[in-house]
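Spelled out, the chains give:
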Amino acid sequence: MSAGKEIQATIRPAIVAADELAGRLDAFAKLLHACVHAGASVNFVMPFPEAEARAFWERKVLPAVRDGTRVLLAAESGGKIVGTVQLALDMPPNQPHRAEISKLLVDPAFRRRGIARALMAAAESEAAARGRSLLTLDTRTGDHAEPLYASLGYVTAGTIPGYCRDPSADRLDATTIMYKRLNVPAALLDA
């Protein structure tokens, strides 16, 4: 078995409860900080100190996890958080069947080991268990995540030019909007 497959087999994403997140804010902040400093386009720009990363988890994610409008999944290796993904459940009244995937993060030192795929599979499973049949996401056009999402069955709905600022360069990047249907009864589909 290759080293990458061994890592994937031993890392199983799990839901992170609000109390666990509150007790490990620094660890989650370190992961986000490392990913942004490695070029991840996940809403933050340089300079990006760890304090700002911690504030994101504490002020944005923790309250949503506490009130049940967001599910946080994490992958660990040797007690270290090496990846996360979020499932946003707070949708408008006419979209109770939908959830949004956000902040797929994998520690730069742990990439190319199947962790992102495992996190996405866990997020999709959780979405289905909660009765969600449509997942949406956006990713910087041309980023490493775009072909990953396509390989997982996500379909490109379109791109928006000049959508977000690059994390470290003075330019605006396009974003690609993608979706995936999960076991939807044919009678409910419009096309």
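Keep in mind the model is a prediction, meaning the values are calculated, not measured. (Residues numbered from 1 in each chain as written. Predicted model: local features only at pLDDT ≥ 70, side-chain atom pairs only at ≥ 80, totals over all residues. Heavy atoms only, no water.)

Here we take up the overall build of the protein. Check the secondary structure of the protein and you find six helices and seven strands. Ordered by position from the N terminus, the helices and strands of the protein form the series α-β-α-α-α-β-β-β-α-β-α-β-β. Radius of gyration (C-alpha) of the protein: 16 Å, near the 16 Å computed for a compact globule of 191 residues. Along the longest, intermediate and shortest principal axes, the C-alpha atoms of the protein span 50 × 40 × 40 Å. Put simply, the protein has 191 residues, and 45% of those count as buried. Of all intrachain contacts in the protein linking residues separated by at least 6 positions in sequence, the fraction that spans at least 24 positions is 62%. Within the protein, one finds 23 positive and 21 negative side-chain charges whose respective centroids are separated by 3 Å. (Helix = DSSP H or I, 4+ residues; strand = E, 2+ residues; numbered from the N terminus. Rg over C-alpha atoms; globule rule 2.2 N^0.38 Å. Buried < 20%, exposed > 50% of the residue type's maximum accessible area, 1.4 Å probe, protein only. Contact = heavy atoms within 4.5 Å. Lys, Arg positive; Asp, Glu negative; His and termini not counted. Charge placed at Lys NZ, Arg CZ, Asp CG, Glu CD.)

What follows deals with the packing of helix 3 (residues 25-37) against helix 4 (residues 50-66). Running from N to C, helix 3 and helix 4 point in directions that differ by 120°, and their axes come no closer than 8 Å. Viewed along their axes, helix 3 and helix 4 adopt a mutual orientation that is oblique. Read as a crossing pair, helix 3 and helix 4 show a hand that is right-handed. Note on element contacts: helix 4 touches helix 3 through Glu-50, Ala-53, Arg-54, Phe-56, Trp-57 and Glu-58, opposite Leu-25, Asp-26, Phe-28, Ala-29, Lys-30, Leu-32 and His-33. Looking at the contact of helix 3 with helix 4, its residues break down into seven nonpolar, one polar and five charged. (Axes fitted to C-alpha atoms, helices over the stretch in contact; angles between N-to-C directions. Parallel < 35°, antiparallel > 145°, perpendicular 65-115°, else oblique. Left-handed = near helix turned anticlockwise from the far one by under 90°. Nonpolar A, V, L, I, M, F, W, Y, C, P; charged D, E, K, R; others polar.)

Here the focus is helix 3. If you check helix 3, its first and last C-alpha atoms are 18 Å apart, about what 13 residues at 1.5 Å a residue would give, namely 18 Å. Among all positions of helix 3, only Leu-25, Phe-28, Ala-29, Leu-31, Leu-32, His-33, Cys-35 and Val-36 are buried. Residues of helix 3 that are buried in the fold lie against helix 2 (18-23), helix 4, strand 2 (70-77), strand 3 (80-88) and strand 4 (98-106). Backbone geometry just downstream of helix 3 places Gly-39 in the positive-phi region, at approximately 105°. (Expected span 1.5 Å × (residues − 1).)

Turning our attention to the pattern of salt bridges. Side-chain pairs of opposite charge can arise whenever the charged atoms involved come near each other. Tallied over the full model, the rule gives 14 salt bridges. Between Glu-58 and Arg-54 there is a salt bridge whose closest N-O contact spans 3.2 Å. Taken together, the positions of Glu-58 and Arg-54, both in helix 4 and four residues apart, correspond to about one turn of that helix. Members of the salt-bridge network, linked through shared partners, are Arg-140, Asp-143, Asp-166, Arg-171 and Asp-173. (Salt bridge = Lys/Arg side-chain N within 4 Å of Asp/Glu carboxyl O.)

Our focus in this paragraph is the nonpolar core. Ile-101, Met-120 and Tyr-154 are the most contacted members of the largest nonpolar core, which totals 29 residues. Of all the elements in the fold, those that place two or more residues in this core are strand 2, strand 3, strand 4, helix 5 (115-129), strand 5 (134-140) and helix 6 (145-151). In terms of residue count, helix 5 provides more of this core than any other element does, seven residues in total. Those residues in contact with Tyr-154, other than ones at most four positions away along the chain, are Ile-101, Met-120, Glu-124, Leu-135, Leu-137, Tyr-149, Met-178, Tyr-179 and Lys-180. Val-16, Leu-31, Leu-32 and Leu-105 belong to the second-largest nonpolar core, a separate cluster that totals 24 residues. (Core = buried A, V, L, I, M, F, W, Y, C linked by side-chain atoms within 4.5 Å.)

Structurally, Ala-18 is set in helix 2. Taking the C-alpha atoms as reference, Ala-18 lies 22 Å from Gly-131; in sequence the two are 113 residues apart. Once residues within four sequence positions are removed from consideration, Ala-18 is found in contact with Leu-62, Val-65 and Arg-66.

Before going further, it helps to examine helix 4. An ideal rise of 1.5 Å per residue puts 24 Å on 17 residues; helix 4 measures up with 23 Å between its terminal C-alpha atoms. The axis of helix 4 is deflected most strongly, by about 30°, at Lys-60, and proline Pro-63 appears within four residues downstream. Of all the residues in helix 4, the buried ones are Ala-53, Ala-55, Phe-56, Trp-57, Val-61, Leu-62, Ala-64 and Val-65. Here the buried face of helix 4 lies against helix 2, helix 3, strand 2, strand 3 and strand 4. Once helix 4 ends, the next one or two residues include Gly-68, with phi positive near 80°. (Bend = angle between axes of the 7 residues up to and from the residue.)

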